[in-house]
Structures are given as C-alpha cells and as structure tokens.
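# Report on the structure
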Amino acid sequence: MRALTVRPGRKNSLEARELPDPSPANGELLVRGLAVGVCGTDREIANGEYGWAPPGRDWLVLGHESLGRVERAAPGSGFSAGDLVAGVVRRPDPVPCGACAHGEFDMCRNGRYTERGIKEIDGYGAQLWCVEPGYAVKLQPSLERVGVLMEPTSVVAKAWEQVERVGGRSWFEPRRVLVTGAGPIGLLAALLGTQRGLDVHVLDRVTDGPKPRLVRDLGATYHSGDVAQVIDKVCPDVIVEATGAGSLVFAALSGTASYGVVCLTGVSPAGRRLSVDAGLINRDIVLQNDAVVGSVNANLQHYRQAADALGKADPAWLERLITRRVPLERAVEAFQPQPDDVKVVIDL
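Heads up: these notes are all about the structure in this document. (Residues numbered from 1 in each chain as written. Predicted model: local features only at pLDDT ≥ 70, side-chain atom pairs only at ≥ 80, totals over all residues. Heavy atoms only, no water.)

### Things to note about the overall build of the protein chain
The secondary structure content of the protein chain amounts to 10 helices and 19 strands. Taken over the C-alpha atoms alone, the protein chain extends approximately 60 × 40 × 40 Å along its principal axes. Relative to its 348 residues, the protein chain shows a buried fraction of 52%. For the protein chain, contacts bridging at least 24 residues in sequence account for 68% of all contacts bridging at least 6. Only carbon and sulfur atoms are counted for the fraction: they give 48% of the accessible area of the protein chain, which is about 15,600 Å². Here the protein chain contributes 39 positively and 42 negatively charged side chains, and the mean placements of these two sets differ by 1 Å. (Helix = DSSP H or I, 4+ residues; strand = E, 2+ residues; numbered from the N terminus. Buried < 20%, exposed > 50% of the residue type's maximum accessible area, 1.4 Å probe, protein only. Contact = heavy atoms within 4.5 Å. Areas by Shrake-Rupley, 256 points an atom, 1.4 Å probe, with all protein chains shown as cover. Lys, Arg positive; Asp, Glu negative; His and termini not counted. Charge placed at Lys NZ, Arg CZ, Asp CG, Glu CD.)

Written as structure tokens, this is what we have:
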C-alpha cells in the first residue's frame, strides 16, 4: 500500500511511499482509506515544526482527519465490511490521569496522551489502516464524499457541548449566536447552531464569493462589517470565535449579552501585539456574569455527535466546504501554504 509519511522535525521530508499492508491485531478493523483532510497542524508537521514519530523509528504516517470503508471486521465488533467509518485521533495516556480514566482524553491532565498522525501513533493517511472498534465511528452511507469532515466537526461538536455545559451553570436559553470567521470551523459551528434552532449570525471580512452563500443557504445571516457594530446589532448570547485574530478575540470577550458564553476555537499566532482596555473587558465579564472557555480536540462522544450532525446536514452543502481535492500522488500540493479558509482533501 501507499502512505503519506514525514520525518517529524525535518523539513521537506514529506513523501508518498510504499509500506507493507497492515495486519489487524486484537480485534481491530481493517479499513480501506478513502480520504484524509489536511489542516494547519499537518502543514506544521510537514514543515518540521511539530510532531513525534512512533517509538523506535524516525518517521510517521500523517493524517488525522480520516474517512475509510471497513474491509474486515471481527465478529462482535459492532462493524461490518462496507461500513463507512472515521477514526478518533487521540488516545488516553497509559497511566491514566483522572480525565483519561473517565473517557475525557481530550482533557488529558498530564500530556501523556498520543494522537494518530500527530504524536507517536501512525495516522490515517494510508490506503489501508487499522483501528480499534472503540475508536471508530460509523457514518451514514450518504457521507461518502464528505465524511472526511468528521474531525473538524467533532471539534465543533465539543465546542457547542462546552457552551451548553458552561451555560447550564444557571438558567440558560440562548437565542442568538455570532460566529466570527467563515472558514471550515466557523461554517460547521454555524451549521450546528442552526441545527439547535438558534438565530445564527456569521461575521467574515469578504463580501462576495462562496462564504456569504454558504451562510445564507443555512438560513443564517452573513455580516462583513465592523465587529463592534455587528456585535451591537446582534447582541449575541453566544459567540464562537473561530479565527484566532487578536482583534476579534478581544471584541468577543466583552461582546455577549448578559450571562453570555464565549467559546474560543481559533489558535492565535504568538508575537502579535495590540492595545486593549483590559479593565473594561474584565469589568464587562464580571458584572455580566459572562464566561469564556477555550475548546480544542474531541473525545469519542464528540465524534458521535459529529456523525449525527453531519447525517442531518445536506451532503451537497457539506461538499462545498471542501475547496480542493487532490490524489495521493499529488499530495505535496495539499501541504503548500493555504489561506485559513481553504479546505484541502487528499483522495487515497
């Protein structure tokens, strides 16, 4: 089989290479890889900035945004040949910490977790891969072209779960949500907001092209104006910040209605400075009983929530989120610098 490999810490080591076919062990599923998504984390690993190879060797199979079809499943696994599946990325640490022991390995306390295609375990960027049944999630057959969106959707599902759990500390019945950023994460956050029956608003800087149409096709409202003016107009109960842009992050912190929740999902680059009125932001958060939470990664329940959300969505709308598809033999093209709102998928 062919697989997408890299030597972590070494720039320009990305290659599609021949590897022996894997052999399932201990009841694992044997899966025919269909597609793998590429995100900023993958590009950082390919650029030598990040990532860890499995113990005992210097190379790693890339790919954590997975989609495949089961070729062989053990009796009693809950899966059958032909099932469409996605693999969970993170595994709990072997100690384990308290969070990992309770199935919340996305909240690992000691950092000894491992991750497929990122940290010490081969990823899903291969024409064949194996996965434990307990770390695989079944998808509806209608998602064959778009099920590779499972991993970013699981991150968004967790973000919404965090919003609702934090809001649930008191009476919480949000009506309006503002999503800042109309990249894949922002659009998926908007999708899950509309599925909750909320009045969803999305802010992005572009004024034409696919983003406004994608938002409007959800039944949501698109904005491209000044963030402060949009916040004043919408008066959101919830803000999901999906850009990591400093100016939008700080605008969000004090931008919700009273008893609001801000969920930060965008990762900001270090080293960029801006002036803010920290006292005003603190005053607003305290006096309005607001809450701010950061959210990343996902555990098994979030993958199941993501599968449910994608199953309810229009597959044609979801396919429009994928900006470009390339075959495995041209995989290097997917790792070229891309705008944050471009979603590239490698067909295996």
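Continuing now.
### Section: the side chain of Glu115
By secondary structure assignment, the location of Glu115 is in strand S8 (residues 114–116). Take Glu115: its relative accessible area is 5%, and that puts it in the buried class. A polar contact of 3.0 Å, which involves the side chain of Glu115, links it to the side chain of Arg90. Apart from the residues lying within four places of it in its own chain, the contact partners of Glu115 are Val89, Arg90, Glu120, Ile121 and Asn297. (Polar contact = N/O pair within 3.5 Å; in protein donor to acceptor, adjacent residues only side chain to side chain.)

### What to know about the sheet that holds S8
Strand order in the open sheet made by the 3 strands is S7-S8-S9, with mixed pairing throughout. Looking at which strands have only one partner, the edges of the open sheet turn out to be strand S7 (90–91) and strand S9 (120–121). With 2 bridges connecting them, S8 and S9 associate as parallel partners. Considered in S9, the bridge of Glu115 is made with Glu120. (Pairing = 2+ DSSP bridges.)

### Points about the packing of helix H3 (residues 150–167) against helix H9 (residues 300–312)
Relative orientation of the contacting elements H3 and H9 amounts to 105°, with a least axis distance of 8 Å. Here H9 runs roughly perpendicular to H3, going by the angle between their axes. Side by side, H3 and H9 meet where Met150, Glu151, Thr153, Ser154, Ala157, Lys158 and Glu161 of the first sit next to Gln301, His302, Tyr303, Gln305, Ala306, Ala307 and Leu310 of the second. When its residues are assigned to classes, the contact of H3 with H9 shows 6 nonpolar, 5 polar and 3 charged. (Axes fitted to C-alpha atoms, helices over the stretch in contact; angles between N-to-C directions. Parallel < 35°, antiparallel > 145°, perpendicular 65-115°, else oblique. Nonpolar A, V, L, I, M, F, W, Y, C, P; charged D, E, K, R; others polar.)

### As for the pairing of strand S10 (residues 128–131)
With burial as the criterion, each face of S10 is covered, one bearing Leu128 and Cys130 and the other bearing Trp129 and Val131. Summarising the sheet, strand S3 (residues 29–38) and S10 pair through 4 bridges and their orientation is antiparallel. Note that in S10 the partner of Arg32 across the bridge is Leu128.

### Concerning helix H6 (residues 227–234)
Every buried residue belonging to H6 is among Val227, Val230, Ile231 and Val234, and all of these are buried. An end-on view of H6 places all buried positions within 100° of arc, on one side of the element. For H6, exposure combined with an orientation more than 90 degrees from the buried face picks out Gln229, Asp232 and Lys233. Buried residues along H6 sit against strand S12 (176–180), strand S13 (199–203), strand S14 (221–223), strand S15 (238–241) and helix H7 (246–253). Backbone nitrogen of Ala228 and a side-chain oxygen of the N-cap are separated by 3.1 Å at the start of H6; the cap is Asp226. (Arc of directions from axis to C-beta.)

### Some points on the pattern of salt bridges
For the structure on display, the rule yields 20 salt bridges. For Lys158, the salt bridge goes to Asp106, with nearest N and O atoms at 2.8 Å. With a gap of 52 residues between them, Lys158 in helix H3 and Asp106 in the loop between helix H2 (98–101) and S8 connect regions that are remote in the sequence. You'll find Lys158 and Asp106 in the same group, each marked buried. (Salt bridge = Lys/Arg side-chain N within 4 Å of Asp/Glu carboxyl O.)

### Digging into unusual backbone geometry
The residue after Val95, namely Pro96, is reached through a cis peptide bond having omega -15°. Along the chain, Pro96 turns up in the loop between S7 and H2. Although it is not a glycine, Asn26 adopts a positive phi angle of roughly 55°. Relative to the elements of secondary structure, Asn26 occurs in the loop between strand S2 (15–18) and S3. Assessed through its relative accessible area of 81%, Asn26 is described here as exposed. Despite not being glycine, Glu120 has its phi angle at roughly 70°, a positive value. Residue placement: Glu120 occurs in strand S9. Judged by relative accessible area, Glu120 falls into the partly exposed class, the value being 33%.

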